[in-house]
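Remarks on the overall topology
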Amino acid sequence: DRVELMDDIFTANRDRGVEFLLNVDDDRMLYNFRDAASLDTKGAMPMVGWDAPECKLKGHTTGHYLSALALAYKSTGNQRLKKKIDYMISELGKCQDAMEASGKFNYGFLSAYSEEQFDQLEEYTPYPEIWAPYYTLHKIMAGLLDCYELGGNEQALEICKKVGIWVYNRLKRLPKEQLAKMWSMYIAGEYGGMNEVMARLYGITGNEDYLTAAKLFDNEKLFIPMEKNINTLGGMHANQHIPQIVGALRIYQETKDMKYYRIANNFWNMVVSDHIYNIGGVGEGEMFRTPGKIGSFISDKTAETCATYNMLKLTKGLFCYNPEAKYMDYYERALYNHILASQDQSGPVGGSTYFMPLCPGGQKTYDEDGNSCCHGTGMENHVKYQEAIYYYSEDTLYINLYIPSKLNWKEKNVE
């Protein structure tokens, strides 16, 4: 909110994104949560696509929606967005309370479905029989914390704290070997940035249980080779693992344990050196391919958009500890050539690219109502362009992106 965008393509994308958010039916976003809590769905239409009532990933889009509302509100000050934040949080709180009162759920649980998928993950049930329950939970928790930190809603933190306790109670009883096997499972064990959101909760509250829970998500299959700077990424699901690295860096932020910094730094260097396409995107068919040979994989399924969304999160974080130009060179490349180009600019329809085709004759297509992962991050991408233009330390201002904008650096009385 210290940065004001001036009129150009970034502003146009931002305005389309905000207009879309303002026209979303909040009750529809709440449908699956109310249904899971046996509450009145208030005549809302059911969600569709990956959030349809029969889909096992339902609830993830609502989490992204919370984050997008919070980011848009912080960057525009639009009070209609604040009203939507407060309504969504109040209603999700009622869902959490109803779940607890029913006696069917463990304390603190909040989701758009029951605890069954979490039970099945602990029995190593594969995808697609289950679909990444902790991934969905991360989107919900991240949205809640964004509504607290950016949207100024205190209740959002209280709801998220209770969910965090549920996570801690659930995982602390499992042996390390079981956790390692769960997190190594393709998609079923995908947990988004659960380690990141639990470390955030620890940073806000000081409750050590949240930090303990964050470390229970350590994925040794990924973390051990990354710490030793061994590139084992070929054949791994890109966006299953990038958020885990973002979480490792957040644990470093809270603990200063250098192991987690090495994991994040080595991973970033590997990906940017050997796994990115010219637009800054990564992966083909959602997968990392053989390092240094991704030119052999030029298809209509290159560069998953939400993988770039998470690479930019990681890049920003690393820049804070080591403000070298290489980080913002990559950030600029990916932001301008991939994220900026990922929005359907025909109007405020909320459409986003899933993949960015780099094959000859490839054409962009947009997910408008399929509620895919990239539709979710797409709601966030275009309402937060301000976040990396300027950085500051005690005596230095970094201008990282040449985006027409105005900065008010209040501490130094600099505009």
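Up top you'll find the structure we're talking about.
Summary of the structure given here. (Residues numbered from 1 in each chain as written. Predicted model: local features only at pLDDT ≥ 70, side-chain atom pairs only at ≥ 80, totals over all residues. Heavy atoms only, no water.)

Attention now goes to empty space enclosed by the protein. Tallying each qualifying case throughout the model produces two cavities of 30 Å³ or more. Computed from the structure, the largest cavity encloses a volume of approximately 110 Å³. Looking at the largest cavity, it is lined by 15 residues, and the ones nearest its centre are Gly17, Phe20, Gln343, Gly350 and Gly378. Sorting elements by how many residues they give to the lining of the largest cavity places helix H1 (residues 9-22) first, with four residues. Considered class by class, the residues forming the lining of the largest cavity number five nonpolar, eight polar and two charged. Its boundaries defined by the atoms lining it, the second largest cavity holds a volume of some 80 Å³. Lining the second largest cavity are Tyr309, Leu312, Lys313, Lys316, Tyr331, Leu335, Ile339, Asn381, Lys384, Tyr385 and Glu387. Those elements that place two or more of their residues in the lining of the second largest cavity are helix H14 (305-321) and helix H15 (325-339). Of the residues belonging to the lining of the second largest cavity, the class tally is six nonpolar, one polar and four charged. (1 Å grid on protein atoms, 1.4 Å probe; cavity = no way out; pocket = protein on both sides within 12 Å on 5 of 7 lines; lining within 4 Å. Points joined across faces, edges and corners; volume = space filled by probe spheres on them. Helix = DSSP H or I, 4+ residues; strand = E, 2+ residues; numbered from the N terminus. Nonpolar A, V, L, I, M, F, W, Y, C, P; charged D, E, K, R; others polar.)

If you roll a probe as big as a water molecule over the atoms, it shows you where there is empty space left. There is about 1600 Å³ of room inside the largest pocket. In this structure, the largest pocket is lined by 50 residues; those nearest its centre are Leu71, Leu150, Lys316, Glu387 and Tyr391. Tallying contributions element by element places H14 first for the lining of the largest pocket, with ten residues. Of the residues that constitute the lining of the largest pocket, the class distribution is 23 nonpolar, 13 polar and 14 charged.

Throughout the structure, instances matching the rule amount to 28 aromatic pairs. With 4.9 Å between their ring centres and 75 degrees between their planes, Phe118 and Trp166 make a pair best called edge-to-face. Taken together, the positions of Phe118 in helix H5 (residues 116-122) and Trp166 in helix H7 (residues 154-171) put the pair 48 residues apart, joining distant regions of the chain. According to the relative accessible area criterion, Phe118 is buried, its value standing at 1%. A centroid spacing of 5.2 Å and a plane angle of 55 degrees characterise the contact between Tyr252 and Tyr261, whose relative ring orientation is tilted. There is no split in this pair, since Tyr252 and Tyr261 are both buried. (Phe/Tyr/Trp six-rings, centres within 6.5 Å; stacked < 30°, edge-to-face > 60°. Buried < 20%, exposed > 50% of the residue type's maximum accessible area, 1.4 Å probe, protein only.)

As a working rule, side chains carrying opposite charge can pair if their charged atoms are close by. Summed over all chains, the structure comprises 26 salt bridges. In this structure, Arg170 engages Asp119 in a salt bridge whose closest nitrogen and oxygen atoms are separated by 2.4 Å. With Arg170 in helix H7 and Asp119 in helix H5, the pair connects residues that are 51 residues apart, well separated along the chain. Linking Lys384 and Glu387 is a salt bridge whose minimum nitrogen-to-oxygen distance equals 3.5 Å. (Salt bridge = Lys/Arg side-chain N within 4 Å of Asp/Glu carboxyl O.)

As a further point, take the environment of Thr305. By secondary structure assignment, the location of Thr305 is in helix H14. Measuring from C-alpha to C-alpha, the distance between Thr305 and Thr377 comes to 8.1 Å, with 72 residues separating the pair along the chain. Setting aside residues no more than four positions away along its own chain, Thr305 makes contact with His338, Ile339, Ser342, Thr353, Tyr354, Phe355, Cys374 and Asn381. (Contact = heavy atoms within 4.5 Å.)

Looking at the element boundaries, Ser372 is found in the loop between H15 and helix H16 (373-381). With residues up to four places along the chain from it excluded, the contact list for Ser372 reads Trp50, His60, Tyr354 and Asp367.

Grouped together as the largest cluster of nonpolar side chains are 121 residues, with contacts concentrated most on Leu21, Tyr134, Met141, Met194, Met198, Phe267 and Leu314. Residues contacting Leu314, with those up to four places away along its chain left out, are Ile245, Val246, Leu249, Ala264, Phe267 and Trp268. Residues Leu57, Trp131, Tyr354 and Cys373 belong to the second largest nonpolar core, which totals twelve residues. (Core = buried A, V, L, I, M, F, W, Y, C linked by side-chain atoms within 4.5 Å.)

This part is about the packing of helix H3 (residues 60-76) against H16. In contact at an axis separation of 7 Å, H3 and H16 are set at 10 degrees when each is read in the N-to-C sense. Relative to H16, the element H3 lies roughly parallel. Every pair of crossing elements has a handedness; the one defined by H3 and H16 is right-handed. On H16, the residues that touch His60, Thr61, His64, Tyr65, Ser67, Ala68 and Leu71 of H3 are Cys373, His375, Gly376, Thr377, Met379 and Glu380. Looking at the contact of H3 with H16 residue by residue, the classes come out as five nonpolar, seven polar and one charged. (Axes fitted to C-alpha atoms, helices over the stretch in contact; angles between N-to-C directions. Parallel < 35°, antiparallel > 145°, perpendicular 65-115°, else oblique. Left-handed = near helix turned anticlockwise from the far one by under 90°.)

With nine of eleven residues buried, helix H2 (residues 26-36) is to be regarded as a mostly interior element. Among the residues of H2, those classed as buried are Asp26, Asp27, Met29, Leu30, Tyr31, Asn32, Phe33, Arg34 and Ala36. Those residues of H2 hidden inside the fold are in contact with H3, helix H4 (79-102), helix H6 (133-149) and H16. Capping the start of H2 is the job of one residue whose side-chain oxygen sits 3.0 Å from the backbone nitrogen of Asp27: Asp25. (Polar contact = N/O pair within 3.5 Å; in protein donor to acceptor, adjacent residues only side chain to side chain.)

Turning to the environment of Trp166, a few remarks are in order. Judged by its relative accessible area of 2%, Trp166 falls in the buried class. Apart from the residues within four sequence positions on either side, Trp166 is in contact with Asn106, Tyr107, Gly108, Phe109, Glu115, Phe118, Tyr134 and Leu137. Among the polar contacts listed, one links the side chain of Trp166 to the side chain of Glu115, at a separation of 2.9 Å.

Now for H3. Taking 1.5 Å as the rise per residue, H3 with 17 residues should run 24 Å; its terminal C-alpha atoms sit 24 Å apart, in good agreement. Of all 17 residues making up H3, 15 are buried, and the element is well covered by its neighbours. Where H3 ends, the next residue or the one after it, Gly77, has phi of about 75 degrees, a positive value. (Expected span 1.5 Å × (residues − 1).)

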